[in-house]
Amino acid sequence: GLAAFAGLVIAFWSRVVAMADAGGILLLTALAGSLALGIAAGFFRWFISPVVGEQLRDLADVAEAITAGDMTRRPAAAEEGGQLGRLARAMVVMSSELRRLGLLIRENASETSRRSTEITAGTEHMATAASGIAETASGLSAQASEMADTIKLLSLDAGRLNTLSSSIDAGAGEGIERNTRLK
């Protein structure tokens, strides 16, 4: 663009000079403005744009690294001023916070796993204890039933012994009376 402009000015230099001599100050101002704009565009294209482009590429690389889980990358623009430097510093803080949150999540997951294991072990222990208690209760119930049957039999036997005792007592009384009469 700038080379084409310069080529046109050089090709038509004699006309440019003739117009300037004829009082074409407006044309000279337009040419000078166009030249200044071309120089500014060239400066931006060859000097500023590559620097900004490199900073943006670096920020994109850091963002992709963070997405992949690498929280250690630090953009070079974080040390610079301007909006890109501000964005880079925000990315540094963001990755630091994400690293901290990741650590908290890992610690909490580890603690949750440990507690889950403890709860499972406690539940298994309680199930074993409950099974033992149920077995003991079943045994005690069977023993209580046996004892009730034994008490029932003893009660029947006690009734028979009482009857026999009464019979013996009556027989003994008769025997004593007979012995007393026989004497």
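Residues numbered from 1 in each chain as written. Predicted model: local features only at pLDDT ≥ 70, side-chain atom pairs only at ≥ 80, totals over all residues. Heavy atoms only, no water.

Quick notes on the overall build of the protein chain
Then step 1. Secondary structure summary: the protein chain contains four helices and zero strands in total.
Then step 2. Across the protein chain, helices and strands are ordered from the amino to the carboxyl terminus as α-α-α-α.
Then step 3. Reported as C-alpha extents along the three principal axes, the dimensions of the protein chain are approximately 190 × 25 × 20 Å.
Then step 4. If you take every contact in the protein chain between residues at least 6 apart in sequence, the share linking residues at least 24 apart comes to 44%.
Then step 5. For the protein chain, the accessible surface area stands at approximately 14300 Å², while carbon and sulfur atoms represent 66% of it. (Helix = DSSP H or I, 4+ residues; strand = E, 2+ residues; numbered from the N terminus. Contact = heavy atoms within 4.5 Å. Areas by Shrake-Rupley, 256 points an atom, 1.4 Å probe, with all protein chains shown as cover.)

Points about helix α4 (residues 82-182)
Then step 1. The first and last C-alpha atoms of α4 sit 144 Å apart over 101 residues, in line with the 150 Å expected at 1.5 Å per residue.
Then step 2. For α4, the complete set of buried residues consists of Leu 84, Gly 85, Ala 88, Met 91, Val 92, Ser 95, Gly 102 and Gly 175. (Expected span 1.5 Å × (residues − 1). Buried < 20%, exposed > 50% of the residue type's maximum accessible area, 1.4 Å probe, protein only.)

Side note on the confidence of the model for the protein chain
Then step 1. In the predicted model, the protein chain carries a mean pLDDT of 83, and the fraction of residues at 70 or more is 95%.
Then step 2. Per-element mean pLDDT across the protein chain ranges from 72 in helix α1 (residues 2-11) up to 87 in α4. (pLDDT = per-residue confidence, 0-100.)

Topic: the pattern of salt bridges
Then step 1. Counted according to the given criterion, the structure contains seven salt bridges.
Then step 2. One salt bridge connects Glu 97 with Arg 100, and the closest N-O pair in it is separated by 2.9 Å. Placement of both Glu 97 and Arg 100 in helix α4 is noted, with a separation of three residues, approximately one turn of the helix.
Then step 3. For Glu 97, a relative accessible area of 36% gives the class partly exposed.
Then step 4. Residue Glu 118 pairs with Arg 114 through a salt bridge whose shortest N-O separation is 2.3 Å. Remark: Arg 114 and Glu 118 occur in helix α4; sequence separation between them is four residues, near one turn of the helix.
Then step 5. Among the ionic contacts, a cluster of salt bridges with common partners joins Glu 111, Arg 114, Arg 115 and Glu 118. (Salt bridge = Lys/Arg side-chain N within 4 Å of Asp/Glu carboxyl O.)

Some words on the environment of Leu 56
Then step 1. Among the secondary structure elements, Leu 56 is positioned in helix α3 (residues 25-67).
Then step 2. The partly exposed category is assigned to Leu 56, whose relative accessible area is 44%.
Then step 3. Each C-alpha atom of the pair Leu 56 and Ala 11 lies 41 Å from the other, and the pair is 45 residues apart in sequence.

With respect to the nonpolar core
Then step 1. In this structure, Leu 59, Val 62, Ile 66, Met 71, Ala 77, Ala 78, Leu 84, Ala 88, Met 91 and Val 92 together form the largest nonpolar core, which totals 10 residues.
Then step 2. Every element with two or more residues in this core is listed here: α3 and α4.
Then step 3. Ranked by residue count, the leading element in this core is α4, at four residues. (Core = buried A, V, L, I, M, F, W, Y, C linked by side-chain atoms within 4.5 Å.)

So, a nonpolar patch on the surface
Then step 1. Together, Phe 43, Phe 44, Trp 46, Phe 47, Ile 48, Val 52 and Leu 56 make up a nonpolar patch on the protein surface, roughly 730 Å² of accessible area in all.
Then step 2. Among the structural elements, Ile 48 can be located in helix α3.
Then step 3. Here Ile 48 falls in the partly exposed class, since its relative accessible area comes to 33%. (Patch = residues over 30% accessible without salt bridge, like charges linked within 9 Å, V, L, I, M, F, W, Y side chains within 5 Å.)

Some words on the side chain of Asp 58
Then step 1. Among the structural elements, Asp 58 can be located in helix α3.
Then step 2. For the buried residue Asp 58, which engages in no salt bridge, the nearest side chain bearing the opposite charge is Arg 73, 4.1 Å off.
Then step 3. Once residues within four sequence positions are removed from consideration, Asp 58 is found in contact with Arg 73, Pro 75, Ala 76 and Ala 77. (Lys, Arg positive; Asp, Glu negative; His and termini not counted.)

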